[in-house]
Amino acid sequence: MPYTTNDIRNIEKRWQKYWEDENTFCVVTDPSKPKYYVLEMFPYPSGKIHMGHVRNYTIADVIARYKMMRGFNVLHPIGYDAFGQPAENAAIKNKTNPAEWTYRCITQMHDELKKMGFSYDWGREFATCDAEYYKWNQWIFIKMFERGLAYKKASSVNWCPDCETTLANEEVINGACWRCSTTVVQKDLEQWYLKITQYAPSLLEDLKKLEQWPLRVRTMQENWIGKSYGVEISFKVKDFAQTISVFTTRPDTIFGATYVVLAPEHPLVKKLSAGTPQEKGALEFINKTANKSKSLRMSGDQRKEGVFIGRHAVNPVNNEAIPIFIGDYVLMDYGTGAIMAVPAHDQRDFEFAKHHELPVRIVIDDPKNPLGPVEDLKQAYEEEGALVNSGEFNSIPNEEAKKKIAEWMQGKHYGRLSIQWRLRDWLISRQRYWGTPIPMIYCPACGVVPVPYHQLPVELPKDVKITGEGGSPLARVRTFVECACPKCGKPARRETDTMATFFDSSWYFLRFCSPRDNEEIFDKKDARYWMPVDQYIGGIEHAILHLLYARFFTKFFKDLGLIEVDEPFTRLLTQGMVLKNNEVMSKSRGNTVDPDEVLSQYGADTLRLFILFAAPPEDQLEWNDSGLEGAWRFLNRVYQMVEKRFVISSEAAKKFQSRDDTDRELERERNTAVKKVTQSFEEGYKFNTAISHLMVLANAIDKYKVEPNSLARQNFLNQAIETLVLLLSPFAPHVCEEMWRQMMGKSDATIARVPWPDFDEKALKTDTIMMAVQVNGRVRGQIQVTPDLSEVELRKICLANPSVAKYANDAAIKKFIVVPNKLVSIVV
């Protein structure tokens, strides 16, 4: 009979308890065994898991279980990325302490994850808000400070005057604070940075090693790092003792520059606009632009805005005075934060110039289709061509002119050849409470002094009132701020900024190698064995920053001599989103499906099977209740198959020689399933097709009939059922454990350690095949033949077939084409 919801609950609880009691998935470093490290991007502990979590972690769990059955020593850990602004905001809203809220969520999430039957080594579980973990954040920071990679400088931030706190861009709504609606202003603050730019060359070059990462992720990283070859040109400011440095990759267009644009954040803007009639407008534009996100400013479908600042620059190649603007489409994050605008040959510049009625000068023309009068231009010409209006360089192809003009400008001291990087140093300071305290001390006599290693961790004080107002909460805790200088012993004060949470997640994969080590950040021997992570799984939204920072930290650890690898993740899988009604599941849209509700009705195995069958891992998954029902029915079918057709024999199974076509067909389907399911793991994780092959095998088992008292045939059937259950077990571990141990009487400690089945290539071959026969492109018949029959024999058989002979005879045949084992095409 079908198993019921109560059966599911009992089965899943029984085996989850068994795995926990037996430490089934706990592993240790063992150089005698091949290792496999599979890891999901660890979750933020928001409490209940959602379907995005379920999909991500199920994919990883199936891979982990498969590798265990292949004989690998599998490390599959879990933890919680637990610091951050959401916990602080929740604490303010719920009038509780962030630690209480976070650990309550972690407990709930821990329980939810256990219900799914994931094969985690729970003994390695930790949260980044544990002092035992963030102690090592502070250790890393000090190591970086000692090597000049951590430094402090002034930078502009969004500031709410009423709340007296900094705001992230996403917390600025229509130019106002999300909490109190006060107009946000820009304020310079001294903040801590990490010099990731020192690693820019290796971060870019080593992308070539990541052949098992998705191409689009590598491309996104490459673009973010942004190495560019060009010229840094010096534009003097007319009637002002100042020079503007402009970086361009298009020196071939220098004669067409008709204005200069600075980023609103450029340090020269306020100085240049001071005392001009345009000063007020410039300052207003700076404040307005500061609250726009970078992605919005760079978006191609947004109108480019800007204002004249009352000064002119001098184009060095023709001494022409051209106006200086500030524009929202120029960022300080690339080049020098200033551009020369060539509106005839750059669409953004063209749109800006048209809006502000600025001159447009053509300097590249298409010889085959001349552009004509500049007034007739409807858009920028961005293709290749010959230079015009460019002095001695006229008529030279622009690609050739790039090098010639660059070298000419360098010789004339108008500029210099340069390499620029889009990558900027990483700002890690946050004026928040719920984060790792930055372990630095300010002494009037000794200056900036790191906390001694033996005094780590610098723990977050617990008696803190979190209101979201009045600046950094830590700054108001006197017992935290006031301290003695580690060098001279005189009164000093602690840093009250905390670290950005990306710091926490930039090295957690290394801590999982030895998470209980209190003496070292991680054990070198453990890291040497487990690293790098063999399979990393997470969302595409982390394709740039998280992965970039993790790569940066890994290279830093190698420089410290702590590890031997310079890349953390060998293979990367970015799973698709879970949709319902063609929209991403979210509470705001009201289209979420609660995993708990599905678990209570169908159980974890059904949910896992559906999630994996509905779509390949990289694709979006559309939620489908009927698909869930289908997964439930299939598991029930296999359960009943074991219950009714598997017979535990006291006599050892005898090797059965196939005696007829039904025997050979079952053996062929069994071996085909093993081969295809194995390939789905080894060649791209196409789990939906793997499950399809399991269904085909189940159909073949259903068709196979066993005569009463036929021990040999029963053993043959048993072998097919055993194979089906073993292949299914990574997808549906609870019910397969139940069938294997309880119903099939196996003595193995767990099905998770039973060796993966092998397949026999010989058994995959068929005795005869059906081939279609075409005459002049139309199918006229079919023939049943043995594989690899000669062309002469095929010709005889085809012409002997009445349906084919009706349309073809030997004398009329012009061509006889054979597609081996598939098709014969006759042309008459």
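Residues numbered from 1 in each chain as written. Predicted model: local features only at pLDDT ≥ 70, side-chain atom pairs only at ≥ 80, totals over all residues. Heavy atoms only, no water.

Peer 1: Requested: an account of the overall build of the protein, with residues and values cited.
Peer 2: Along the backbone of the protein there are 27 helices and 34 strands. If you line up the protein on its principal axes, its C-alpha atoms span 105 × 85 × 50 Å. Sorting the 828 residues of the protein into buried and exposed places 54% on the buried side. Looking at the protein alone, contacts between residues at least 24 apart form 73% of all its contacts between residues at least 6 apart. Side chains of the protein carry 107 positive and 107 negative charges; the gap between the two charge centres is 1 Å. (Helix = DSSP H or I, 4+ residues; strand = E, 2+ residues; numbered from the N terminus. Buried < 20%, exposed > 50% of the residue type's maximum accessible area, 1.4 Å probe, protein only. Contact = heavy atoms within 4.5 Å. Lys, Arg positive; Asp, Glu negative; His and termini not counted. Charge placed at Lys NZ, Arg CZ, Asp CG, Glu CD.)

Peer 1: I'd love a proper account of helix α11 (residues 347-356), names of residues and values included.
Peer 2: Considered for burial, the residues of α11 that qualify are Asp349, Phe350, Phe352 and Ala353. The buried residues of α11 all sit within an arc of 170 degrees when viewed along its axis, so they share a single face. Looking at the buried positions of α11, the neighbouring elements they touch are β12 (259-262), β13 (306-315), β14 (320-327) and β15 (338-341). In this structure Asp346 caps α11, since a side-chain oxygen of it lies 3.1 Å from the backbone nitrogen of Arg348. Directly beyond the C-terminal end of α11, a positive phi value near 55 degrees is found at Glu357. (Arc of directions from axis to C-beta. Polar contact = N/O pair within 3.5 Å; in protein donor to acceptor, adjacent residues only side chain to side chain.)

Peer 1: Could you give me a rundown of unusual backbone geometry, with the residues and numbers involved?
Peer 2: Between Leu456 and the following residue, Pro457, the backbone shows a cis peptide bond with an omega angle of 5 degrees. Looking at the element boundaries, Pro457 is found in the loop between β22 (447-450) and α13 (478-481). With an omega of 0 degrees, the peptide bond between Met531 and Pro532 qualifies as cis. Here Pro532 is to be found in the loop between α16 (524-530) and β26 (533-538). The phi dihedral of Asn389 is positive, around 50 degrees, even though this residue is not glycine. Among the secondary structure elements, Asn389 is positioned in the loop between β17 (386-387) and α12 (398-411). Even without being a glycine, Asn581 presents a positive backbone phi close to 55 degrees. Take Asn581: it is sitting in the loop between β28 (578-580) and β29 (583-584). By relative accessible area, Asn581 is classed as exposed at 58%.

Peer 1: Tell me about helix α9 (residues 279-290), and please be specific about residues and values.
Peer 2: Between its first and last C-alpha atoms α9 spans 17 Å; for 12 residues at 1.5 Å apiece the expected length is 16 Å, and the two agree. Buried residues of α9: Ala282, Phe285, Ile286, Thr289 and Ala290, and no others. Seen along its axis, α9 keeps its buried residues to an arc of 125 degrees; they face one direction. (Expected span 1.5 Å × (residues − 1).)

Peer 1: So, the sheet that holds β26: which residues are in play, and what are the values?
Peer 2: Strand order across the open sheet formed by 4 strands is β2-β1-β26-β27, with parallel pairing between neighbours. What marks the edges here is a single partner per strand, and that holds for β2 (73-75) and β27 (569-574). Across the sheet, the axes of successive neighbouring strands diverge by a mean angle of 20 degrees, strand direction being ignored. Sheet strands touched by helix α2 (residues 51-69): β1 (35-40), β2, β26 and β27. Its angle to β1, the strand with the most contacts, is close to 170 degrees. (Pairing = 2+ DSSP bridges. Axes fitted to C-alpha atoms, helices over the stretch in contact; angles between N-to-C directions.)

Peer 1: Can you explain the pairing of β1? Please cite residues and give values.
Peer 2: Taken residue by residue, a regular strand's side chains alternate between the two faces of the sheet. For β1, the tally of buried residues reaches 6 of 6 residues, placing the bulk of the element in the interior. Bridging between β1 and β2 involves 3 bridges; their strand directions are parallel. Counterpart to Lys35 in the pairing with β2 is Asn73. Here 3 bridges tie β1 to β26, and the two strands are oriented parallel to one another. Looking across to β26, one finds that Val38 is bridged to Gln535.

Peer 1: Quick rundown of the pattern of salt bridges? Include the residues and the values.
Peer 2: Inspection of every chain in the model, using the stated rule, returns 42 salt bridges. With a shortest N-O distance of 3.4 Å, Arg478 and Glu482 are connected by a salt bridge. A salt bridge links Lys555 to Glu567; the nearest nitrogen and oxygen atoms lie 3.0 Å apart. On the criterion of sequence distance, the pair formed by Lys555 in helix α17 (residues 545-559) and Glu567 in the loop between α17 and β27 is long-range, its members being 12 residues apart. Taken together, the shared-partner salt bridges connect Asp206, Lys209, Arg551, Lys555, Lys558, Asp566 and Glu567 into one network. (Salt bridge = Lys/Arg side-chain N within 4 Å of Asp/Glu carboxyl O.)

Peer 1: Describe the side chain of Asn137, with residues and values.
Peer 2: In this structure, Asn137 sits in helix α5 (residues 131-146). Each residue touching Asn137, except ones within four places of it in the same chain, is listed here: Thr436, Met499, Phe503, Asp504 and Trp507.

Peer 1: Help me get a handle on the packing of aromatic side chains, residues and values and all.
Peer 2: All told, the structure shown has 52 aromatic pairs when counted by the stated rule. Linked through ring pairs, Tyr199, Trp426, Phe502, Phe503, Phe522, Tyr549, Phe552, Phe553, Phe556 and Phe557 together constitute an aromatic cluster. One Lys or Arg, Lys195, reaches over the ring of Tyr151 and ends 5.6 Å from the middle of that ring. The ring of Trp740 has Lys746 lying over it, and the distance from NZ or CZ to the ring centre is 5.2 Å. (Phe/Tyr/Trp six-rings, centres within 6.5 Å; stacked < 30°, edge-to-face > 60°. Lys NZ or Arg CZ within 6 Å of the ring centre and 35° of its normal.)

Peer 1: Mind laying out the pairing of β27, listing which residues take part and the relevant values?
Peer 2: β27 sits mainly inside the fold: 5 of its 6 residues count as buried. Looking at chain direction, β26 and β27 are connected through 5 bridges and run parallel. Opposite Val533, over in β27, you have Phe569 as the bridge partner. You can see the chain leave β26, run along α17 and come back into β27, and the turn it takes is right-handed. (Right-handed = clockwise from strand over helix to strand, strands pointing away.)

Peer 1: With reference to specific residues and values, describe the nonpolar core.
Peer 2: Counting 185 residues, the largest nonpolar core has Phe557 and Phe731 as its most contacted members. The biggest single contributor to this core is α2, with 11 residues. Within the second largest apolar cluster, 37 residues are counted, among which are Val237, Ile254, Phe255 and Ala401. (Core = buried A, V, L, I, M, F, W, Y, C linked by side-chain atoms within 4.5 Å.)

Peer 1: If you had to explain the environment of His110 to someone new, which residues and values would you point to?
Peer 2: Inspection of the secondary structure assignment puts His110 in helix α4 (residues 98-115). Residues His110 and Glu205, 95 residues apart in the sequence, show an inter-C-alpha distance of 39 Å.

Peer 1: I'd love a proper account of the sheet that holds strand β32 (residues 778-785), names of residues and values included.
Peer 2: The 4 strands lie next to each other as β32-β31-β34-β33, forming an open sheet whose pairing is mixed. In this open sheet, the two strands that pair with only one neighbour each are β32 and β33 (815-819). Strand-to-strand twist in this sheet, taken as the mean axis angle between neighbours without regard to direction, amounts to 20 degrees. When strand β31 (residues 769-775) meets β32, the two strands line up antiparallel, connected through 7 bridges. Bridge pairing in β32 places Val773 opposite Gly781. Sheet strands touched by helix α26 (residues 791-800): β31, β32, β33 and β34 (823-827). Its angle to β33, the strand with the most contacts, is close to 110 degrees.

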